[in-house]
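Topology and contacts: notes
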Amino acid sequence: MRAAIVRHFGTPSEVTAMAELPRPIPGRGEVLLRVKAVSLNYVDLVVISGRYQFKPALPFTPGKGPAGIIEAVGEGVTAWKPGDRVLAMAEIGSYAEYALAPADQCYALPDAMPFADAAAMALAYDTAWFALHERGRLQAGETVLVLGASGAVGHAAVMLAKAAGATVLAGITNPAKASMLVDAGADAIIDLAAPDLRDNLRDQVKAATGGGADVVIDMLGDLYFEAALRALAWRGRLVVVGFAGGRIPEVKANYLLVKNIEVSGLQISDYRKRRPADVAACFAAIFALHGAGKVRPMPMETMPLEDVAQALGRLATRQVAGRLVLLP
């Protein structure tokens, strides 16, 4: 089979190449998926560079979250059969024509759901769902501020929060992205490039809502985190998802006490390992919302698997306006 391969860690576009590899054989508790679509994600760049929290054994095929058709099942797998359409949350191995995945981390796709849509929503929508509903405990009628709303997880958070009945504030640094987020359901745009953001962010949130944000989903960290703490309402919850803004911030515990606010973190892969039933319920809800027309992937572009190095280069240099999906 044709697959991308990384033989040593480094710049993703330079160390990733195509190769002819043996087709994998599913082991106990695994399925073999004929990959129909797989999205590129920022975390893939981190894995390939060797900076992720775990380093795959070299050489390896990168790629997470393939959508496709089950080709074969391993020993002990009874929930799936060849021909089933699924989204599979594999950690690596998905930039290929065939990929292995744990059977308990596969999720049935509705017949009408395109594989490219499923791949584009993988990692983004489940992350946003758990940030909003599990960690943020979002309730209808509350206000959600999404920092980094123009990214894949941010766009998903905007749509999911709106579908849940929240007032949604989309925080962005590039005003050119505003129309995309209004189309996704944002009630107001928050300018994260404004001067004196420490006070300005709070003022913008107050002007948009008359109060503070009940839930903040933070993909940025850095100074944005500190400003968002000040924009939280009483009993507000801030969920840390990432640090795309650069610096990893710190928080003084007395501030949490004085405002009765919470800060929590989300590492979605832990939920797949520790709470697989909860993740299955999450995807079932997301797919139902997709079928009802209430959520959709952000604008996407497709590229052939053979162009994986070029695709990674574009992702790393932020030359992709929406989601980039590989089609084997």
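Placed above this text is the structure.
An account of the accompanying structure is given in this report.

**A few points about empty space enclosed by the protein**
Inspection of the entire model under this criterion finds one cavity of 30 Å³ or more. Volume-wise, the largest cavity comes out at about 30 Å³. Along the walls of the largest cavity sit Ala-120, Met-121, Ala-124, Tyr-125, Ala-152, His-155, Ala-156, Pro-297, Met-298 and Arg-323, which together make up its complete lining. Breaking the lining of the largest cavity down by element, the ones donating at least two residues are helix 3 (115-121), helix 4 (124-135) and helix 5 (152-163). The element best represented in the lining of the largest cavity is helix 5, accounting for three residues. Split into classes, the residues belonging to the lining of the largest cavity amount to eight nonpolar, one polar and one charged.

**A closer look at helix 5**
The terminal C-alpha atoms of helix 5 lie 17 Å apart, and with twelve residues this matches the ideal 16 Å at 1.5 Å per residue to within 8%. Within helix 5, nine of the twelve residues are buried, which leaves the element mostly enclosed by the surrounding structure. Those residues of helix 5 that sit buried are Val-153, Gly-154, His-155, Ala-156, Ala-157, Val-158, Met-159, Leu-160 and Ala-161. Summarising the contacts, the buried residues of helix 5 are in contact with helix 4, strand 8 (143-147), strand 9 (167-172), helix 6 (178-184) and helix 11 (276-291). One or two residues past the end of helix 5 sits Gly-165, with phi positive at roughly 90°.

**Examining the sheet that holds strand 13 (residues 262-265)**
The sheet built from six strands is open, its strands ordered 10-9-8-11-12-13 with parallel pairing. On the outer flanks of this sheet lie strand 10 (188-191) and strand 13, each paired with one strand and no other. Taking the axes of each pair of neighbouring strands and ignoring which way they run, one obtains an average angle of 20° across the sheet. Note that strand 11 (residues 213-218) and strand 12 (residues 232-240) share five bridges and pair parallel.

**Details of the nonpolar core**
Residues Val-144 and Val-158 are the most contacted members of the largest nonpolar core, which totals 57 residues. With residues up to four places along the chain from it excluded, the contact list for Val-158 reads Val-146, Ala-149, Val-168, Ala-170, Leu-181, Ala-184, Gly-185 and Ala-186. Val-15, Met-18, Leu-305 and Leu-312 belong to the second-largest nonpolar core, a separate cluster that totals 24 residues.

**Quick notes on the state of the cysteines**
Applying the stated criterion across every chain yields a total of zero disulfides. No disulfide involves Cys-106; its sulfur sits 15 Å from that of Cys-282, the nearest cysteine. Taking relative accessible area as the criterion, Cys-106 reaches 6% and is therefore assigned buried.

**A word on the pairing of strand 10**
Inspection of the sheet shows strand 9 paired to strand 10 by four bridges, in the parallel sense. Bridged to Ala-170 within strand 10 is Ile-189. Tracing the backbone out of strand 9, into helix 6 and back to the parallel element strand 10 gives a crossover that is right-handed.

Rules behind the numbers
- Residues numbered from 1 in each chain as written.
- Predicted model: local features only at pLDDT ≥ 70, side-chain atom pairs only at ≥ 80, totals over all residues.
- Heavy atoms only, no water.
- 1 Å grid on protein atoms, 1.4 Å probe; cavity = no way out; pocket = protein on both sides within 12 Å on 5 of 7 lines; lining within 4 Å.
- Points joined across faces, edges and corners; volume = space filled by probe spheres on them.
- Helix = DSSP H or I, 4+ residues; strand = E, 2+ residues; numbered from the N terminus.
- Nonpolar A, V, L, I, M, F, W, Y, C, P; charged D, E, K, R; others polar.
- Expected span 1.5 Å × (residues − 1).
- Buried < 20%, exposed > 50% of the residue type's maximum accessible area, 1.4 Å probe, protein only.
- Contact = heavy atoms within 4.5 Å.
- Pairing = 2+ DSSP bridges.
- Axes fitted to C-alpha atoms, helices over the stretch in contact; angles between N-to-C directions.
- Core = buried A, V, L, I, M, F, W, Y, C linked by side-chain atoms within 4.5 Å.
- Disulfide = S-S within 2.5 Å.
- Right-handed = clockwise from strand over helix to strand, strands pointing away.

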